[in-house]
Amino acid sequence: MENDETLQRLLALKRCEKPLPGSLDNVVGDFHRRLRYEQFRREQHSPAVLWSRFMDALLAEPISFLRHATAGAAVAAGMVLGLGTLAIPLANHQGQFAAPAVAQSNLRIDLEPSDDAALRAIAPADALSIEALADPDFGRQFAQPLVPQPQAAPVSFDEANIIF
Amino acid sequence: MARVQAGDTSAFDQLIERYKGRLYATIYHMTSNHEDAADLLQETLIRAFRAMPRFRRDARFSTWAHRIAVNVTINHLRQNKKRFSMSLDQMEMDPNELDSIRELLSEQALRPGDDREEQIASLQKILNEAIQSLSENHRAVVVMHSVQGMTHGQIAEILGIPEGTVKTRLFHAHRLLRKKLARHLKDF
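Residues numbered from 1 in each chain as written. Chains lettered and ligands numbered in written order. Predicted model: local features only at pLDDT ≥ 70, side-chain atom pairs only at ≥ 80, totals over all residues. Heavy atoms only, no water.

Draft legend 1. Seen up close, the overall build of chain B. Looking only at helices and strands, one finds 9 helices and 0 strands in chain B. Its helices and strands taken in sequence order, chain B reads α-α-α-α-α-α-α-α-α from the N to the C terminus. When the 188 residues of chain B are sorted by exposure, 52% land in the buried category. Of all intrachain contacts in chain B linking residues separated by at least 6 positions in sequence, the fraction that spans at least 24 positions is 68%. Taken as a whole, chain B presents about 9300 Å² of accessible surface, with 47% of it coming from carbon and sulfur. (Helix = DSSP H or I, 4+ residues; strand = E, 2+ residues; numbered from the N terminus. Buried < 20%, exposed > 50% of the residue type's maximum accessible area, 1.4 Å probe, protein only. Contact = heavy atoms within 4.5 Å. Areas by Shrake-Rupley, 256 points an atom, 1.4 Å probe, with all protein chains shown as cover.)

Next comes the structure, spelled out in structure tokens:
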């Protein structure tokens, strides 16, 4: 109990601590300054102010403003047209890019994960050892030759089952 | 109060003049730093002014403003846990209190050769370090009760917690302070 009283007396001594001389003299002035600053900052980012700035720029220097706006629109239109021009040939000639490479190959290179299981089914267990897997020619003996069809249509990327 | 709620800043100025001292003291005793206290007092006033339209007059303005001040200070302390600096040599104390200090502090804390200024700085350092070692919630309760002399009921209203919680926090905070100050104080 006595200990608690001693502690209370000691803590009560902190009441004697005073603010720095003059530090509370201009609290009201500082408050108004800060209030004005916060209001100013808030107003600067309001939609009404941004719209007003846009209109000011348009009305104050219409020629300069229109020149910049036209240049910006031209750049944007150029980019849209450029991208469109590149995209059309790709869409029309998609099959022609794939046909020669696939048609001349005599190996069926299939990267589908499902074939890994098929390969394991036909390969002896020892053929799948770590040493065998390290061999760069591993798997070549299991590759099936592609029998070309006499009048086969060109094979597209999708039909060749090549996954990128 | 109606004028303030209508946005009259000059009416709010009167409230500032009336309560700035107590609000500053609460914030200062929680932070132990005069610069932080001045800045947090301004933040408290701005928030209070903005929140005035939502102030219900069933509570006292001083209680409501203290609640804002304590919340602002606790947020500040939590955000700046690693950055802590005390303001030293800024204590102005009644010379008559010096005997009380000598009575309370042990020889470890006060050496016979030290002059008054050094003894006061020593006391301030010991006390503030002990208070700053408490958690924000314990610190708020100790400052409001033991330093500023508020009642449990007032503190409960300011913090928005039951009186029992205030008493429990105070009990734990005093126990921690006794432990921290045991080396420096007599009769512990």
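Moving on from the model shown.
Draft legend 2. The arrangement of the interface of chain A and chain B in detail. Counting residues at the interface gives 31 residues for chain A and 47 residues for chain B. Summing the contributions of chain A and of chain B, the shared interface buries around 3700 Å²; its carbon and sulfur component is 65%. Counting the surface chain A buries against chain B, the share from its top three residues, Leu10(A), Lys14(A) and Phe31(A), is 17%. The interface formed by chain A and chain B includes 2 salt bridges. Across the pair Glu38(A) and Arg50(B) runs a salt bridge, and its minimum N-O distance is 3.7 Å. Looking at the side of chain A that touches chain B, the elements that each hand over two or more residues are helix H1 (2-12) and helix H2 (27-44) of chain A. (Buried area = accessible area lost by both parts, 1.4 Å probe. Salt bridge = Lys/Arg side-chain N within 4 Å of Asp/Glu carboxyl O.)

Draft legend 3. Focus on the packing of helix H7 (residues 136-147) of chain B against helix H9 (residues 163-181) of chain B. All names here are of chain B. Their axes nearest at 9 Å, the elements H7 and H9 cross at an angle of 95°. The orientation of H7 relative to H9 falls into the category roughly perpendicular. For the pair H7 and H9, the contacting residues are Asn137, His138, Val141, Val142, His145 and Ser146 in the first and Val166, Arg169, Leu170, His172, Ala173, His174, Leu176 and Leu177 in the second. Classifying every residue of the contact of H7 with H9 by side-chain character gives 7 nonpolar, 6 polar and 1 charged. (Axes fitted to C-alpha atoms, helices over the stretch in contact; angles between N-to-C directions. Parallel < 35°, antiparallel > 145°, perpendicular 65-115°, else oblique. Nonpolar A, V, L, I, M, F, W, Y, C, P; charged D, E, K, R; others polar.)

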